[in-house]
Amino acid sequence: MSTPESAGSWVLHDVEDQVCRITLNRPEALNALTPDQRERIIRLLGDASADPAVRAVVVTGTGRGFCAGADLRGGPPAGERVAGDVARTLRLGAQRLIAAVLDCEKPVVAAVNGTAAGLGAHLALACDLVLAARSARFIEVFVRRGLVPDGGGAYLLPRLVGPQRAKELMFFGDALTAPDAERLGLVNRVVPDEELAATARAWADRLAAGPTRALALTKQLVNASLDADRAAAFAAEAAAQEINMTTADAREGVASFVERRAPGFRGR
């Protein structure tokens with residue numbers, strides 16, 4: 001069973017040049033997530049949201065796996081189930097993790113270095129941008145275990161690929177190659193394995209140099225638009241623009257346009 005101390009070594013974290021990097025580091029287990037690891041990732045994403053020194057986030061893994069899903073081996077011993085226990089565990093666990101990614105106020109880039117299965121696939125797909133190494137695979141593994149998809153899968157996939165494609169992936173549980181994932185729209189770009197880290201860094205650097213509050217508001221608008229009617233979406237857009245026009249970056253963006261120079265955004 002993991003401890004908070006082991007979770008710290010199994011989830012590496014650093015901030016450099018305004019980019020927060022979160023690295024799953026249990027390569028021997030294909031980075032399957034323990035509860036302590038999951039909680040550490042949630043905390044790190046929350047911290048990144050609140051820290052003005054962080055303007056972009058990268059999530060990746062070490063070894064052959066990005067994340068093989070939840071580590072089921074470290075759970076409590078089997079016993080009589082109490083009604084509500086499973087739903088409560090999901091709400092407080094996997095769903096909180098996915099929500100932490102979706103709600104993070106900084107753009108989050110997934111650098112998928114290997115297998116992303118189950119909750120691990122949903123962790124990647126919840127990110128704002130998804131880069132994948134050519135060797136990466138995405139697997140909706142739940143059906144292979146006789147389980148219903150969790151961790152927001154039935155919410156995320158139809159919004160990315162439509163209901164029929166989502167059902168195909170979830171009904172069969174076949175491994176999807178990175179090029180096929182790109183073709184379906186699950187992945188923004190596939191790169192050679194040896195170029196993944198550098199490409200993720202380049203994307204994160206570009207995001208970190210951008211207007212941070214405008215990006216946060218844009219993320220909120222896009223995520224909310226999928227559940228909103230046109231009137232609500234237009235109202236949210238107008239409110240977001242009103243808020244954003246109070247930022248220093250918005251004033252800098254307009255001034256740089258008028259003065260015909262490159263903007264210098266400071267994330268404020």
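The paragraphs below set out a description of the structure included in this document.

Reading guide: rules and limits
Residues numbered from 1 in each chain as written. Predicted model: local features only at pLDDT ≥ 70, side-chain atom pairs only at ≥ 80, totals over all residues. Heavy atoms only, no water. Helix = DSSP H or I, 4+ residues; strand = E, 2+ residues; numbered from the N terminus. Rg over C-alpha atoms; globule rule 2.2 N^0.38 Å. Buried < 20%, exposed > 50% of the residue type's maximum accessible area, 1.4 Å probe, protein only. Contact = heavy atoms within 4.5 Å. Areas by Shrake-Rupley, 256 points an atom, 1.4 Å probe, with all protein chains shown as cover. Lys, Arg positive; Asp, Glu negative; His and termini not counted. Charge placed at Lys NZ, Arg CZ, Asp CG, Glu CD. Axes fitted to C-alpha atoms, helices over the stretch in contact; angles between N-to-C directions. Parallel < 35°, antiparallel > 145°, perpendicular 65-115°, else oblique. Left-handed = near helix turned anticlockwise from the far one by under 90°. Nonpolar A, V, L, I, M, F, W, Y, C, P; charged D, E, K, R; others polar. Phe/Tyr/Trp six-rings, centres within 6.5 Å; stacked < 30°, edge-to-face > 60°. Lys NZ or Arg CZ within 6 Å of the ring centre and 35° of its normal. Pairing = 2+ DSSP bridges. Core = buried A, V, L, I, M, F, W, Y, C linked by side-chain atoms within 4.5 Å. Expected span 1.5 Å × (residues − 1). Disulfide = S-S within 2.5 Å.

1. Quick notes on the overall build of the chain
Within the chain one finds 12 helices and 10 strands. Here the C-alpha radius of gyration of the chain, 19 Å, is about what a compact globule of 268 residues would show, namely 18 Å. Looking at the chain as a whole, 43% of its 268 residues qualify as buried. Pairs at least 24 residues apart make up 70% of the contacts formed inside the chain by residues separated by at least 6 positions. Working note: accessible area of the chain is about 14100 Å², and carbon and sulfur atoms make up 56% of it. Taking the average place of the 32 positive charges on the side chains of the chain and the average place of its 32 negative ones, the gap between the two points comes to 1 Å.

2. Overview of the packing of helix α2 (residues 35–50) against helix α4 (residues 94–103)
Look at α2 against α4: their axes get within 9 Å of each other, and the N-to-C directions meet at 20°. By the angle between their axes, α2 is roughly parallel relative to α4. Every pair of crossing elements has a handedness; the one defined by α2 and α4 is left-handed. When α2 is examined against α4, the residues R38, E39, I41, I42, L45 and S49 are found in contact with a partner set consisting of A94, R96, L97, A100, V101 and D103. Tallied by class, residues from the contact of α2 with α4 come to seven nonpolar, one polar and four charged.

3. Things to note about the packing of aromatic side chains
Going through the model one piece at a time under the given rule, you end up with zero aromatic pairs. In this structure, R159 packs its charged tip against the face of Y155, placed 3.8 Å from the ring centre.

4. A closer look at the pairing of strand β3 (residues 56–61)
A large share of β3 lies buried, amounting to six of its six residues. Relative to β3, strand β2 (residues 19–24) runs parallel, the two sharing six bridges. Residue pairing for β3: C20 is matched across the bridge by V57. Sheet topology note: the β3/strand β5 (residues 108–112) ladder contains four bridges and is parallel. If you follow T60 over to β5, its bridge partner there is A111.

5. Some words on the nonpolar core
Counting residues in each nonpolar core, the largest one holds 49 residues, and the members touching the most others are I22, V57, V112 and F138. With residues near it in sequence (within four places) discarded, F138 still touches V112, A116, A124, L125, A132, D174, A175, L176, A178, A181 and V187. Counting residues in each nonpolar core, the second largest holds 14 residues, with V19, A111, A204 and L207 among its members.

6. A word on helix α9 (residues 196–208)
Compared with an ideal rise of 1.5 Å per residue, which puts 13 residues at 18 Å, α9 spans 18 Å between its outermost C-alpha atoms and is within 8% of the ideal. Taken as a whole, α9 has its buried residues at L196, T199, A200, W203, A204, L207 and A208. Residues of α9 that are buried sit in contact with β2, β3, β5, β7 (129–133), β10 (189–191) and α10 (212–225).

7. Considering the packing of α10 against helix α11 (residues 230–244)
Running from amino to carboxyl end, α10 crosses α11 at an angle of 170°, the nearest separation of the two axes being 10 Å. Considering the angle they form, α10 stands roughly antiparallel to α11. Between α10, through R213, A214, L217 and L221, and α11, the contact on the second element is made entirely by A236, E237, A240, I243 and N244. The residue inventory of the contact of α10 with α11, partitioned by class, reads six nonpolar, one polar and two charged.

8. What to know about the environment of V130
Within the fold, V130 resides in strand β7. On the accessibility criterion, V130 (3% relative accessible area) is buried. Setting aside chain neighbours within four positions, we find V130 in contact with A110, V112, A124, L125, L186, V187, N188 and R189.

9. So, the state of the cysteines
Note on terminology: disulfide describes a covalent bond linking the sulfur atoms of two cysteines. Applying the stated criterion to the full structure yields zero disulfides. Here C20 stays unpaired: no disulfide links it, and the sulfur of C104, its closest cysteine neighbor, is 8.0 Å away. For C20, a relative accessible area of 1% puts it in the buried group.

So far we have only geometry, and geometry alone does not tell us how the molecule works.
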